Amino acid sequence: MTLFDSAGRFVLSEPGRSAAHFNLAFPGATDLSFPQLAEVMTTRLLNNVGDPWQGGHGPNHTKQAEIDVVRCLGALFGGGNDVWGYVTSGASEGTLHAVDEAATAHPDLVVYASTAAHYSVAKAARIVRAPLARVGVDHDGRMMLDDLRSTLQEHRDKAAMIVATVGTTEREAVDDVPGIASLCDDLGIVRRRIHVDAALAGLPLALLPLRERPAFDFGAGATSVVVSGHKFLSTLMPCAVLIYPRRPALQDQRPVSYIGAADTTIAGSRSGHTPLLLRAALFDHGWGVHRERARQARELAAYTAEALHRIGWPADRLPLAFTVTLRQPGPLPRPWVFGGDAQVGRIICMPGTEQAWIDEVVADLKTAAP
Ligand SMILES: Cc1ncc(COP(=O)(O)O)c(C=O)c1O
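None of these values were measured; they are calculated from a predicted model.

## A closer look at the packing of helix H3 (residues 63-76) against helix H9 (residues 274-283)
Alright, step 1. In the contact formed by H3 and H9, the axes pass within 8 Å of each other and the chain directions differ by 45°. As the angle between them shows, H3 and H9 are arranged oblique. Seen from above, H3 lies across H9 with left-handed handedness. Touching Ala65, Glu66, Asp68, Val69, Cys72 and Leu73 of H3 are Pro275, Leu276, Leu278, Arg279, Leu282 and Phe283, all from H9.
Alright, step 2. By residue class, the composition of the contact of H3 with H9 is nine nonpolar, no polar and three charged.

## Digging into helix H4 (residues 91-105)
Alright, step 1. Taking 1.5 Å per residue, 15 residues should reach 21 Å; H4 reaches 21 Å between its end C-alpha atoms and fits that length.
Alright, step 2. In terms of burial, H4 is a largely internal element, eleven of the 15 residues being buried.

## Side note on the side chain of threonine 168
Alright, step 1. If you trace the backbone, threonine 168 turns up in the loop between strand E6 (160-165) and helix H7 (177-187).
Alright, step 2. Among the polar contacts made by the side chain of threonine 168, one reaches the main-chain amide nitrogen of arginine 171 at a distance of 3.4 Å.
Alright, step 3. Not counting the four nearest positions on each side in its chain, threonine 168 is found in contact with Ala116, Gly141, Ala173 and Leu200.

## Considering the UniProt feature "modified residue: N6-(pyridoxal phosphate)lysine" (unreviewed entry) in the chain
Alright, step 1. Summarizing the sequence annotation, UniProt attributes the feature "modified residue: N6-(pyridoxal phosphate)lysine" (unreviewed entry) to Lys231 in the numbering used throughout.
Alright, step 2. Tracing the backbone through its elements, the reader meets lysine 231 in the loop between strand E8 (224-228) and strand E9 (240-244).
Alright, step 3. When residues no more than four places from it in sequence are discounted, the contact partners of lysine 231 are Phe26, Pro27, Gly28, Ala29, Ala199, Leu200 and Met350.

## Some words on the state of the cysteines
Alright, step 1. Tallied over the entire structure, the rule returns zero disulfides.
Alright, step 2. Among the cysteines around cysteine 239, which has no disulfide bond, cysteine 72 carries the closest sulfur, lying 14 Å off.

## Observations regarding the domain arrangement of the chain
Many descriptions give the size of an interface as the accessible area lost when the pieces come together.
Alright, step 1. Taken domain by domain, the chain comprises domain 1 (2-32 + 286-367) and domain 2 (40-283).
Alright, step 2. One C-alpha centre belongs to domain 1, the other to domain 2, and the line joining them spans 27 Å.
Alright, step 3. Interface area lost by domain 1 to domain 2 is led by Trp287, Leu318 and Leu320, which between them contribute 29%.
Alright, step 4. Taken together, the links from domain 1 to domain 2 amount to one salt bridge.
Alright, step 5. A salt bridge links aspartate 316 to arginine 171; the nearest nitrogen and oxygen atoms lie 2.8 Å apart.
Alright, step 6. At the level of secondary structure, the elements contributing two or more residues to the side of domain 1 that touches domain 2 comprise helix H10 (287-310) and strand E11 (323-327).
Alright, step 7. When residues in the side of domain 1 that touches domain 2 are grouped by element, the largest group, six residues, is from H10.
Alright, step 8. Taken together, the residues of the side of domain 1 that touches domain 2 sort by class into twelve nonpolar, six polar and seven charged.

## A short note on the sheet that holds E8
Alright, step 1. The seven strands lie next to each other as E3-E9-E8-E7-E6-E4-E5, forming an open sheet whose pairing is mixed. Each edge of the open sheet is held by one strand with a lone partner, namely strand E3 (84-88) and strand E5 (132-135). Adjacent strand axes in the sheet meet at a mean angle of 20°, parallel and antiparallel pairs treated alike.
Alright, step 2. In the sheet, E6 pairs with strand E7 (residues 192-197) via six bridges, with the strands oriented parallel. The partner of alanine 164 across the bridge, within E7, is valine 196.
Alright, step 3. The strands that H4 touches are E3, strand E4 (110-114), E6, E7, E8 and E9; relative to E7, the one it contacts most, it runs at about 180°.
Alright, step 4. Sheet strands touched by H7: E6 and E7. Its angle to E7, the strand with the most contacts, is close to 170°.

## Focus: the site of the ligand
Alright, step 1. Within the structure, the ligand sits among Gly90, Ala91, Ser92, His118, Gly167, Thr169, Asp197, Ala199, His230 and Lys231.
Alright, step 2. Starting from 390 Å² of accessible surface for the ligand in isolation, the protein chains cover 86%.
Alright, step 3. Looking at the shell around the ligand residue by residue, the class counts come to two nonpolar, six polar and two charged.

## Some details on the packing of aromatic side chains
Alright, step 1. One pass over the structure, following the stated rule, counts five aromatic pairs.
Alright, step 2. Aromatic side chains tryptophan 84 and tyrosine 86 sit 6.1 Å apart centroid to centroid with 55° between the ring planes, which places their arrangement in the tilted category. The residues tryptophan 84 and tyrosine 86 share a single accessibility class, namely buried.
Alright, step 3. Between phenylalanine 232 and phenylalanine 322, the ring centres sit 6.3 Å apart and the planes meet at 45°, which makes this aromatic pair tilted. Note that phenylalanine 232 is positioned in the loop between E8 and E9 and phenylalanine 322 in the loop between strand E10 (315-316) and E11, a separation of 90 residues in sequence. For the pair formed by phenylalanine 232 and phenylalanine 322, the shared burial category is buried.
Alright, step 4. Following the ring pairs from residue to residue traces out a cluster consisting of Trp84, Tyr86 and Tyr244.
Alright, step 5. Geometry around phenylalanine 283 places arginine 279 over its ring, the cationic atom sitting 4.3 Å from the centre.

Calculation criteria
Along each chain, residues carry numbers from 1 onward, in the same order as the chain's sequence is written. Residues qualify for local features only when their pLDDT is at least 70, as the model is predicted, and side-chain atom pairs are given and counted only at 80 or more; totals for whole chains, interfaces and linings, by contrast, use all residues. Side-chain metrics rest on all non-hydrogen atoms present in the structure, leaving aside hydrogens and water. Here an angle of 0 to 180 degrees is reported between the N-to-C directions of two axes, which are lines fitted to C-alpha atoms, with helices fitted over the stretch in contact. Working definition: helices are DSSP H or I runs of at least four residues, strands are E runs of at least two. Numbering for both runs from the N terminus. Should an angle fall under 35 degrees it is taken as roughly parallel, and over 145 as roughly antiparallel, whereas 65 to 115 is taken as roughly perpendicular and any remaining angle as oblique. Take the far helix as your reference; a near helix turned counterclockwise from it by less than a right angle gives a left-handed crossing, and one turned clockwise gives a right-handed crossing. Contacts were defined at the residue level, with two residues in contact if any of their heavy atoms lie within 4.5 Å. In the scheme used here, Gly and all other residues not listed as nonpolar or charged are polar, with Ala, Val, Leu, Ile, Met, Phe, Trp, Tyr, Cys and Pro taken as nonpolar and Asp, Glu, Lys and Arg as charged. Helix span is expected to be 1.5 Å times the residue number reduced by one. Think of it in three bands: with a 1.4 Å probe and only protein chains considered, a residue is buried below 20% of the maximum accessible area for its type, exposed above 50%, and partly exposed in between. Side-chain atoms alone can form a polar contact between residues adjacent in sequence; in general such a contact is a pair of N or O atoms within 3.5 Å, and within protein one must be able to donate a hydrogen while the other accepts it. UniProt positions are given in the numbering used here, feature names are shortened, and annotations may be inferred rather than shown by experiment. To count as a disulfide, a pair of cysteine sulfur atoms needs to be within 2.5 Å. Domain boundaries shown here were taken from an automatic or database domain assignment. Defined here as a combined quantity, buried area equals the accessible surface (1.4 Å probe) lost by two parts on assembly, summed across both. Salt bridges are identified by distance alone: a Lys or Arg side-chain nitrogen within 4 Å of an Asp or Glu carboxyl oxygen. A strand pair is defined by DSSP finding two or more bridges across the two strands. Near is defined per residue: the residue qualifies when any heavy atom it owns lies within 4 Å of the molecule or strand. A 1.4 Å probe and the Shrake-Rupley method give the accessible areas. Residues count as covered only by the protein chains that appear here. Classification of ring pairs uses Phe, Tyr and Trp, with its six-membered ring standing for Trp, and accepts pairs whose centres are within 6.5 Å; under 30 degrees between planes counts as stacked, over 60 as edge-to-face, and the remaining range as tilted. Here, a charge over a ring means that NZ of Lys or CZ of Arg falls within 6 Å of the ring centre while also lying within 35 degrees of the ring normal.

Have a look at this one:
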């Protein structure tokens, strides 16, 4: 909740501040802040228009920070020196770029996504005018490979863009990327892309030790990956990072004269501030800190699920997930926001969520226990 004071100045009202902790349904971490960037965030126009690898006219951009971020996350996802990508407005734009790249390379493209995929996938398919084939999910919300096989077989002469989700919005289910890649191999589908929408869970899962880490990166068959900045990395401003293992082959790299850089991104003008936030989140802390943030978030999610079970409130959590799904309650003494639908809501224990808030939720639910 925001207000303007009597002088018309923007203030975050006290009720607004405390209201933040009632919204447990959106996966935005809030534990990292960036006071060191306060001045540059509020006093400079920074526009990363055009390709990050081409500076363009003038120095009012942060493309070096953007490249650092793409390379850092590219290495985490198994890419080498040739990675290409950019900082997008959010994960939806990243998925749109990947779907558009595939449709440009293969005009007969069919897009495949599970019924649990984010709504941005259907939007991307619609924008590029590619048919969307839906694939069923199992009880946990993972794409069913048998169903994918029969759906791929129906269109086996067509090029395929399979969008796998690593951390579905509903339950944080993780699709089987190596399984998808070997299915395509079995069916002889060589004109293919596998885009991994890892907006929510890509980073925390990639930081797990190898033996616990689900395989979903370039080595597992992904041809592009997108991860959000304002989810796990707490950039506090919406953004995401899209990464390809190498620059897409058909990209037109000729600079547009107006901007002095090639038009290889979906958006024209792009934030020069979000790459600074991302770079600070990644480089000022290091993987050890982020691994520990993820561990604590999972621990709190396990605590939440247990506490709900103890009061007899139907709740569920997939192993490794920050997300706890719960039966949607009626009105409660405090204005908790659980998102979801009339049946199922969720508590997402992102870094920044406090155990005290969970104790409060559980106490309120106890008064309404089913
Ligand atoms: C799995 C997944 N994909 C895509 C998105 C869309 O991200 P954005 O709203 O940044 O475009 C989200 C956001 O919640 C998500 O969880």
